[in-house]
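Working through the structure, step by step
Residues per chain are reported as follows:
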Amino acid sequence: MQTKIPALSALALSFGLLSAHAFAAKPETVTIGYQKANIFALLKYRGTLDETFKKEGINVRWVEFPAGPQMLEGLNVGSIDLAATGDAPPAFAQAAKADLIYLGHSPANPKTEAIVVPKDSPIKSVADLKGKRVGLNKGSDVNYLLVKALEDAGLNYKDVKPVYLPPADARAAFQKGAIDAWVIWDPFLAEVEANADAREIRNAEGLVPHYTFYLASRPFAEGHPDTAKQVVDELSKLSDWANANQDEAAAILSKSTGLDKAIWQTTLKRLPYGATRMTPQVFDEQQALADTFTRVGLLPVKVDVRSATWSLDKQ
């Protein structure tokens, strides 16, 4: 019997290695959700990820979404494997029990979102927003900016009249004077500043960091960790290229979105691209966002952001 134990152990070890290898096998197809204005759109139109994966026998399928919440619903139900959104949608998705993973994040970019008013508005500061109609996309990154800006000015969320509108509708309402202020992000921010003489009264500097998060479904991240890491690496390489070649990047994103190249040139000057793995500090900042949304009643439950930590990042 003793002579059989090593053989059995070796067999079990071999089986375990084979199982682990099978579990981490490369996928046949990687399905990526993107929006016309985000970094995955830039990656799609440059074609570098497709080229890299084609050499490994992996197909890339791109699926366009109108906004982050819909994209993360797609991630949750398994129609896509990967996505990139701002910092608010993942917290809402986690509250809805979406089984997602934070793969990484961009540098903070607080200059790319702001509260704006018409140039001739009597509103000069955030404190002047009391009782005013403020347009914004509910549950978006700018929702967090508005809450923090109001609190910084000694007000609370109930002191304003939120008007929840998607960007296109909010842009029209802003132009017509149907809202007194608009909280919006780039490239829409750059567009309204250029074409509607919008005036910033506060951006996110000193208030909230404003990240882009790179996200995956848990089954994909845990089942294909090497492939997931490759995507983050490709995003990092793309970021280096875009930061060094803003004119070319602006041309690609102009074609993707239909916005003038000059709008994207303005946007890219204040948008540092990048892709790094999650850190405790960034998780803390994301937890602060989630806790704020719960406190003001925008999230119905408390969210444990770290429940979406990738196993590769756990110590």
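Residues numbered from 1 in each chain as written. Predicted model: local features only at pLDDT ≥ 70, side-chain atom pairs only at ≥ 80, totals over all residues. Heavy atoms only, no water.

As annotated in an unreviewed UniProt entry, the chain carries the name Sulfonate ABC transporter substrate-binding protein and is attributed to Candidatus Pantoea communis. The heading Sequence similarities (unreviewed entry) in the UniProt record of the chain holds the text "Belongs to the bacterial solute-binding protein SsuA/TauA family." (UniProt positions renumbered as here; feature names shortened; annotations may be inferred.)

1. Overview of the overall build of the chain
Within the chain one finds 13 helices and 10 strands. Along the first, second and third principal axes, the C-alpha set of the chain runs to 90 × 40 × 30 Å. Looking at the chain residue by residue over its 315 residues, the buried ones come to 50%. Of the contacts made within the chain by residues no fewer than 6 positions apart, 77% connect residues no fewer than 24 positions apart. Working note: accessible area of the chain is about 14,600 Å², and carbon and sulfur atoms make up 54% of it. (Helix = DSSP H or I, 4+ residues; strand = E, 2+ residues; numbered from the N terminus. Buried < 20%, exposed > 50% of the residue type's maximum accessible area, 1.4 Å probe, protein only. Contact = heavy atoms within 4.5 Å. Areas by Shrake-Rupley, 256 points an atom, 1.4 Å probe, with all protein chains shown as cover.)

2. Overview of the UniProt feature "domain: Solute-binding protein family 3/N-terminal" (unreviewed entry) in the chain
Per the UniProt entry, the sites bearing "domain: Solute-binding protein family 3/N-terminal" (unreviewed entry) are residues 29-249 in this numbering. Along residues 29-249, the helical share is 42% and the strand share 24%, with 26 Å between the first and last C-alpha atoms.

3. Some remarks on empty space enclosed by the protein
Evaluated as defined, the whole model comprises one cavity of 30 Å³ or more. Roughly 30 Å³ of volume is contained in the largest cavity. Looking at the lining of the largest cavity, the element that brings in the most residues is helix α13 (residues 280-295), giving three residues. (1 Å grid on protein atoms, 1.4 Å probe; cavity = no way out; pocket = protein on both sides within 12 Å on 5 of 7 lines; lining within 4 Å. Points joined across faces, edges and corners; volume = space filled by probe spheres on them.)

4. Examining the sheet that holds strand β8 (residues 181-185)
Pairing within the open sheet is mixed, and its five strands lie in the order β7-β6-β8-β5-β9. Two strands bound the open sheet, and with one partner strand each, they are β7 (161-164) and β9 (198-203). Neighbour to neighbour, the strand axes of the sheet diverge by 30° on average, direction disregarded. Bridge analysis of strand β6 (residues 133-136) against β8 gives two bridges, and the strand direction is parallel. Paired with Gly135 across the bridge in β8 is Trp182. Its contacts with the sheet place helix α8 (residues 188-195) against β5 (113-118), β8 and β9, and it is angled at close to 130° to β8. (Pairing = 2+ DSSP bridges. Axes fitted to C-alpha atoms, helices over the stretch in contact; angles between N-to-C directions.)

5. Structural notes on the packing of helix α4 (residues 68-77) against helix α5 (residues 88-95)
The interhelical angle for the contact between α4 and α5, taken along N-to-C directions, is 45°, at an axis separation of 9 Å. When the axes of α4 and α5 are compared, the pair comes out oblique. Once α4 is placed against α5, the crossing between them reads as right-handed. Facing α4, whose interface residues are Gly68, Pro69 and Leu72, α5 presents Pro89, Pro90 and Ala93. For the contact of α4 with α5, the class distribution of residues is five nonpolar, one polar and no charged. (Parallel < 35°, antiparallel > 145°, perpendicular 65-115°, else oblique. Left-handed = near helix turned anticlockwise from the far one by under 90°. Nonpolar A, V, L, I, M, F, W, Y, C, P; charged D, E, K, R; others polar.)

6. Let's talk about the confidence of the model for the chain
Here the chain averages 92 in pLDDT, and 92% of its residues register 70 or above. A low-confidence stretch, residues 1-22 (pLDDT under 50), is modelled with zero contacts involving residues beyond four sequence positions or located in other chains. (pLDDT = per-residue confidence, 0-100.)

7. Brief notes about the packing of aromatic side chains
Tallied over the entire structure, the rule returns nine aromatic pairs. Ring centres 5.9 Å apart and planes at 80° place the aromatic pair Trp185 and Phe188 in the edge-to-face group. The exposure class of Trp185 is partly exposed, given its relative accessible area of 22%. Cluster of aromatic residues (ring-pair linked, three or more members): Tyr102, Tyr211, Phe213 and Phe283. Across the ring face of Tyr45, the terminal group of Lys44 is positioned such that the distance to the ring centre comes to 4.3 Å. (Phe/Tyr/Trp six-rings, centres within 6.5 Å; stacked < 30°, edge-to-face > 60°. Lys NZ or Arg CZ within 6 Å of the ring centre and 35° of its normal.)

8. Topic: the environment of Leu129
Relative to the helices and strands, Leu129 resides in the loop between β5 and β6. Residues Leu129 and Gly154, spaced 25 residues apart in sequence, show a C-alpha to C-alpha distance of 11 Å. In this view, Leu129 contacts Ile115, Ile123, Val134, Asp159, Val160, Ala181 and Ile201; residues no more than four positions away in its chain are not counted.

9. Observations regarding the layout of surface pockets
Volume-wise, the largest pocket comes out at about 1,000 Å³. As for the largest pocket, its lining consists of 43 residues, and the residues nearest its centre are Gln35, Ala37, Trp185, Asp186 and Phe188. Only α4, β3 (82-86), α7 (167-176), β10 (212-217) and α12 (261-269) provide two or more residues apiece to the lining of the largest pocket. Classifying every residue of the lining of the largest pocket by side-chain character gives 21 nonpolar, 16 polar and six charged.

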